[in-house]
Amino acid sequence: MNKAKPFDIPKREVWEAFKSVKANQGAAGVDGQSIQNFETQLAGNLYKLWNRMSSGSYMPPPVRRVEIPKANGGTRPLGIPTVADRIAQEVVRRYLEPLLEPLFHADSYGYRPRRSAIDAVRSARQRCWRYDWIVDIDIKGFFDSIDHELLLKAVRKHTKCSWVLLYIERWLKAPAMLEDGQLVARDTGTPQGGVISPLLANLFLHYAFDLWVGRSFPGVSFERYADDIICHCRSEREALALRRVLERRFVDCRLVLHPEKTKVVYCKDTNRKGGYPICRFDFLGYTF
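A short tour of the structure in this document, coming up. Just so you know, these numbers come straight off a predicted model, no measurement behind them. (Residues numbered from 1 in each chain as written. Predicted model: local features only at pLDDT ≥ 70, side-chain atom pairs only at ≥ 80, totals over all residues. Heavy atoms only, no water.)

**Observations regarding the sheet that holds strand β5 (residues 183–184)**
Here is step 1 of the chain: Strands sit in the order β2-β1-β4-β5 across an open sheet of four strands; the sheet is mixed. Either end of the sheet is taken by a strand with one partner, and the two such strands are β2 (75–80) and β5.
Here is step 2 of the chain: Judged from the six bridges that link them, strand β1 (residues 63–69) and β2 form a sheet pairing that is antiparallel. Each bridged residue has a counterpart across the sheet, and for Val66 the counterpart in β2 is Leu78. (Pairing = 2+ DSSP bridges. Helix = DSSP H or I, 4+ residues; strand = E, 2+ residues; numbered from the N terminus.)

So this is what it looks like as structure tokens:
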């Protein structure tokens, strides 16, 4: 093994990662460097990044934090890494995704190859014809509250690759830079906007929710798009039980169910019986 380069990262992977980042475009990070600007010295910039990643000396810069308006009012924080950091994250994502993808649940749709929000909406629509009750799950500040210790434990379960583990840990710990230049340390969460974040979020909820609901409520089906989750239940009693037990489950996983936004909904389409206070819900931009 080359002592100066303890990690065997092919240069080709850095090049492929750059092509993917360029295709997705995106804003500049804390260094103000755009993709076009990065390209003016492309060979040198990619070599420098490969050199640092291979030697273990790559340290992620802070993530630029911006507030994005939400459709229903309020804002959500988005973390924008630098162009070089997005490429580094893509190198790790390309290594990790083929290991994790075959394990993920058929009803997990978010940020996965050959799956889309429309697939999740189609499945939800068909199941609402068969099941009269749903639990509409909202996790409070999910991307900002993922527990680092539990997440790294899940990653280690699927790879022993030392550079993948090293850089994921560094990305989790990288501070956020606010719009006034202030640096904020992060001890939980993975920034929404990072290249690696959706894969890590899916892995976390694979264990925190997908596998758990299959074991604890085998009759309940669901659609999950990242942290947007709809569960289909056969009765109000089953839906209320699921909501109650799920609250305890999320506490164990160091997550918090949003008390107002998590709802039990009566969604029978025809021949409705009785009057129920909540008979509609929104999922991925569609009202049911």
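We are not done yet, so read on.
**Description of the state of the cysteines**
Here is step 1 of the chain: Inspection of the entire model under this criterion finds zero disulfides.
Here is step 2 of the chain: Cys231 forms no disulfide, and the closest cysteine sulfur to it belongs to Cys233, at a distance of 6.3 Å.
Here is step 3 of the chain: Assessed through its relative accessible area of 0%, Cys231 is described here as buried.
Here is step 4 of the chain: Cys233 gets classed as buried once you look at its relative accessible area, which sits at 0%. (Disulfide = S-S within 2.5 Å. Buried < 20%, exposed > 50% of the residue type's maximum accessible area, 1.4 Å probe, protein only.)

**Remarks on the packing of helix α1 (residues 11–24) against helix α3 (residues 42–55)**
Here is step 1 of the chain: The interhelical angle for the contact between α1 and α3, taken along N-to-C directions, is 125 degrees, at an axis separation of 10 Å. What the angle tells us is that α1 and α3 run oblique. By crossing handedness, the relation of α1 to α3 is classed as right-handed. Every residue of α3 that contacts α1 at Lys11, Val14, Trp15 and Phe18 is listed here: Leu42, Leu46, Tyr47, Leu49 and Trp50.
Here is step 2 of the chain: For the contact of α1 with α3, the residue count by class is eight nonpolar, no polar and one charged. (Axes fitted to C-alpha atoms, helices over the stretch in contact; angles between N-to-C directions. Parallel < 35°, antiparallel > 145°, perpendicular 65-115°, else oblique. Left-handed = near helix turned anticlockwise from the far one by under 90°. Contact = heavy atoms within 4.5 Å. Nonpolar A, V, L, I, M, F, W, Y, C, P; charged D, E, K, R; others polar.)

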